[in-house]
Amino acid sequence: MRKNFRIALAGNPNCGKTCIFNALTGARQHVGNYPGVTVESKSGKFMLEDIEIELIDLPGVYSLSSSSPEEGVVFQELTKPGIDLIVNVVDSTIPRRSLYLTTQLAELHIPMLLTFNMADDAKKKGLQFDLPKLEKYFGSPIVQTVATSSSGVKPLLATLKTTLGTLDDHGVPMLSYGADIDDAINAVAEKIEALNVTRYAHIPARFFAIKLLERDSSALKIAEFSPVYSEVEAQIKHLWDKHAIEADTFMADRRYAMLAGACRDAISSTLEKRREISDRIDAVMTNKFLGLPLFFLIMFLTFLFSFTVAEPLMGCIEDFFGWLGDAVGDVWSADRAPLLRDLVIRGVIDGVGGVLVFLPQILLLFFAIAVLEESGYMARAAFVMDGIMRKFGLQGKSFVPLVLGFGCNVPAIMATRTIESERDRRITIMVLPLMSCSARLPIHSLIIGAFFAAYTTAGKASMFVLIYLIGVAFALVAAQFMKSSLFKGEGEVYLMELPPYRMPTLKSLMLHMWDRGRMYLHKAGTIILVTSVLLYICNNYPEKKTFSQDYDAKIAAVEANAKLDNEAKEAAVSELENTRQAEALEYTVSGRVGKFLEPVFKPLGFDWKVVTAAIGGLAAKEVFVSQMGILYSEGEADEESEPLRTKLAKVYTPLQGFCIMLFCLLSIPCLATLAIIKRELNSWVAAIGEGAGLFLLAYLVTLIVYQAGKALDIGTRLLG
């Protein structure tokens, strides 16, 4: 018996396929994208006694009709050689609908093992299966599983071992669609067989004949089949003349009729139909009055959980990297390769720390999302928000990633993978950077603290709410604009499946969290790290050798001044050192670029210092605050730095402060966001276009607000 097999895992969305994949492969998984599309590819390996199995988790689909990117991918994967067995996961609580895909998989004549999952839920519904009869019907063995249970996949492993030993003796499905359809299929199949297309010799001509009669887009793209198109059209016309119905619709009707007969003979119910617990919960969760408030409450609790639990962990990571930098500085003396030492401590260690500090928040957020997804609530959230989002050219599933964007745009963009429509997904990704992420919070805190400090607590909170609402408003308007211009087309209708509520398994939740966290570190982390190192170089070179004043002499004079106490000396010395640092920064690449671009940004009320800080904010928006602190000689100068706020209020007007906040809100959050956009859309053009478009939007809106404010004399007086 062979010792290596390649198995494809296929099934509908929400059938428990991913739970089975995780249970079998554990952490031995590889996650990526299929070439040319944004559909996720997952594969993993596991050992079945002495047999090594590569398991391919195909995207969840309802059919092989190629009407979506996912269906096209599944079609391509299953028609390529190399698949030894298809494990078809079926939701046994709704067998008639789930088996529709099975009829198409059976036509491939690839050995198949049917896994009737959620057997416990089916039993509670009173469903009983005549498995031998169904096995004969589909020509495949059937095993019942409960993927959410630790021991629920053991029957699958036992049956799988037997099935792999008898692949050459797999059955032939008893599928017939009626004499008229079968005749049309046979006529086209004979023409296909005569072509002798070698790359599809392992797939029966009957399968492709059916797909061509259905006008399947993937089948029609196969150039070798073009000689049979005339026969296909002749048979389609014949079926139309006889039944006055399109061939693809006719095939779907016949499949469902065939399944109705099979299910009637082999599936029975021992209980009267009663209202499910899920239906009772949905009476509240999707209620037209309660659904929306409950959704916002659940999302609030999700963020509260991720931010509250992550905060002490983030503090520990910050302390660790602070300690690591000090430790390296103590071990590595300043006179040994000082430039490299400074780069390692301030560039590499600070860069890695800046990435990893957000990891607990990202992991916990994905953990909470996984709970919502696997419990079945996320489908309800999309249903509740669908009506509202469609008014702005989006669908309900777009709302969840938009809300997640308030935490971090990077994982929010990853979360758009739940959106089936490629057009809606693209629009959602393109408007997501307009949601005010947590990286912008230090900027909002700094500006509001500097220019709106006289407000009451409620007034300052209102300013926070205002800036967030501005981002939401621009995102929705931009979505509506793109839907009616860049992505024109008729609105697509989606069948929203509301799966029954289930208890997620800890293993599945942890694997989901690990997969997404690893992706965040690998993709976003490397970009931020490289950018941080580059910014370090730009902020420190070229070095200024000659200064406008002798700082060393002044520092020595302060230290020798007996009239000053130690605290006053430290403050004066710190002021002089920071002033020298600000002058040195003006001489560096960042400072020179800021000076060069100052005329471009002057109509927005920005000077070269704001421009320089905005350049630093390309790595991460928090860098804007630290850059401003250096420029205004306030040491660390984070958002809690009162002296920095005081100095800003003396230099800039409230109008300028608001415009700084507005520009940072509407421009790109960070380069990592553009990198994730490129990755998800497989297009540098889209990523660069997004960056350019957001910059143009931020520039024009800020220009209008600043010039209008000046003309109306609103907030144009210094507070300091």
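Above this text is the structure in question.
Residues numbered from 1 in each chain as written. Predicted model: local features only at pLDDT ≥ 70, side-chain atom pairs only at ≥ 80, totals over all residues. Heavy atoms only, no water.

### Overview of the overall build of the protein chain
Regarding its fold elements, the protein chain presents 31 helices and 9 strands. Relative to its full complement of 720 residues, the protein chain shows a buried share of 51%. When contacts within the protein chain are restricted to residue pairs at least 6 apart in sequence, those whose partners lie at least 24 apart make up 74%. For the protein chain, the computed accessible surface area is about 32900 Å², with 62% contributed by carbon and sulfur atoms. (Helix = DSSP H or I, 4+ residues; strand = E, 2+ residues; numbered from the N terminus. Buried < 20%, exposed > 50% of the residue type's maximum accessible area, 1.4 Å probe, protein only. Contact = heavy atoms within 4.5 Å. Areas by Shrake-Rupley, 256 points an atom, 1.4 Å probe, with all protein chains shown as cover.)

### Regarding the packing of aromatic side chains
Under the defined criterion, the tally for this structure stands at 18 aromatic pairs. Considering the side-chain rings of Tyr137 and Phe138, the 5.3 Å spacing of their centres and the 70 degrees angle between planes classify their relative orientation as edge-to-face. For Phe138, a relative accessible area of 2% corresponds to the buried category. With a centroid separation of 6.1 Å and 75 degrees between ring planes, the pair formed by Phe601 and Phe695 is classed as edge-to-face. A residue pair is termed long-range when its members are at least 10 positions apart, and Phe601 in helix 25 (residues 589–601) and Phe695 in helix 31 (residues 684–711) qualify at 94 residues. An aromatic cluster is present here, built from Phe75, Tyr200, Phe207, Phe208 and Phe225 joined pairwise through their rings. Over the face of the ring belonging to Tyr587 we find Arg592, whose NZ or CZ atom lies 4.5 Å from the ring centre. (Phe/Tyr/Trp six-rings, centres within 6.5 Å; stacked < 30°, edge-to-face > 60°. Lys NZ or Arg CZ within 6 Å of the ring centre and 35° of its normal.)

### A look at a nonpolar patch on the surface
A cluster of nonpolar residues, Leu297, Phe300, Leu301 and Leu304, forms a patch on the protein surface that exposes about 380 Å² of accessible area. Relative accessible area serves as the criterion here: at 51%, Phe300 is assigned to the exposed category. (Patch = residues over 30% accessible without salt bridge, like charges linked within 9 Å, V, L, I, M, F, W, Y side chains within 5 Å. Salt bridge = Lys/Arg side-chain N within 4 Å of Asp/Glu carboxyl O.)

### Observations concerning helix 7 (residues 179–195)
Each α-helix winds once per 3.6 residues, and so residues spaced three or four apart point in a common direction. The terminal C-alpha atoms of helix 7 lie 25 Å apart, and with 17 residues this matches the ideal 24 Å at 1.5 Å per residue to within 8%. Within helix 7, the full set of buried residues consists of Asp180, Ile181, Asp182, Ala184, Ile185, Val188, Ala189 and Ile192. Once helix 7 finishes, Asn196 follows within two positions and takes phi at roughly 55 degrees, a positive value. (Expected span 1.5 Å × (residues − 1).)

### Concerning the nonpolar core
Phe295, Leu404, Phe606 and Phe624 are the most contacted members of the largest nonpolar core, which totals 82 residues. If we ignore the near neighbours within four places in the chain, the residues touching Phe295 are Tyr377, Ala381, Met385, Phe399 and Val400. (Core = buried A, V, L, I, M, F, W, Y, C linked by side-chain atoms within 4.5 Å.)

### Topic: the environment of Leu446
Of note, Leu446 is situated in helix 20 (residues 441–451). Sequence-wise, Leu446 and Leu648 are 202 residues apart; in three dimensions their C-alpha atoms are separated by 9.3 Å.

### Focus: the packing of helix 24 (residues 566–587) against helix 25
Two packed helices can be described by the angle between their axes and the distance between those axes. Where helix 24 meets helix 25, the axes come as close as 4 Å, and the angle between the chain directions of the two elements is 70 degrees. Classified by the angle between their axes, helix 24 and helix 25 sit roughly perpendicular to one another. Every residue of helix 25 that contacts helix 24 at Leu585, Glu586 and Tyr587 is listed here: Val589, Gly591, Arg592 and Lys595. For the contact of helix 24 with helix 25, the per-class residue count stands at 3 nonpolar, 1 polar and 3 charged. (Axes fitted to C-alpha atoms, helices over the stretch in contact; angles between N-to-C directions. Parallel < 35°, antiparallel > 145°, perpendicular 65-115°, else oblique. Nonpolar A, V, L, I, M, F, W, Y, C, P; charged D, E, K, R; others polar.)

### Topic: unusual backbone geometry
Residue Glu49 is not a glycine yet carries a positive backbone phi of 60 degrees. Locating Glu49 in the fold gives a position in the loop between strand 3 (40–48) and strand 4 (51–57). Its identity as a non-glycine residue notwithstanding, Arg215 has a phi of 55 degrees, on the positive side. One can find Arg215 in the loop between helix 8 (205–213) and helix 9 (217–220).

### Side note on the pairing of strand 5 (residues 85–91)
Of all 7 residues that make up strand 5, 7 are buried, and the element is covered over most of its length. Note: strand 1 (residues 4–11) against strand 5, 5 bridges, orientation parallel. Note on strand 5: the bridge partner recorded for Ala10 is Asn88. Bridge analysis of strand 5 against strand 6 (residues 112–117) gives 6 bridges, and the strand direction is parallel. Bridge pairing links Asn88 to Leu114 in strand 6. (Pairing = 2+ DSSP bridges.)

### Description of helix 5 (residues 131–138)
Within helix 5, burial applies to Leu131, Leu134, Tyr137 and Phe138. When helix 5 is viewed along its axis, its buried side chains cluster within an angular range of 120 degrees and face the same direction. Relative to its buried face, helix 5 has exposed residues pointing more than 90 degrees away, namely Pro132 and Lys136. At the exit of helix 5 stands Gly139, carrying a positive phi of roughly 65 degrees. (Arc of directions from axis to C-beta.)

### Observations concerning the packing of helix 19 (residues 422–431) against helix 30 (residues 671–681)
Two elements in contact, helix 19 and helix 30, have axes whose closest approach is 11 Å; the angle formed by their N-to-C orientations is 175 degrees. Here helix 19 is positioned roughly antiparallel relative to helix 30, judged by the angle of their axes. Only Ile677, Glu680 and Leu681 of helix 30 make contact with helix 19, whose side of the interface consists of Arg425, Arg426, Ile429 and Met430.

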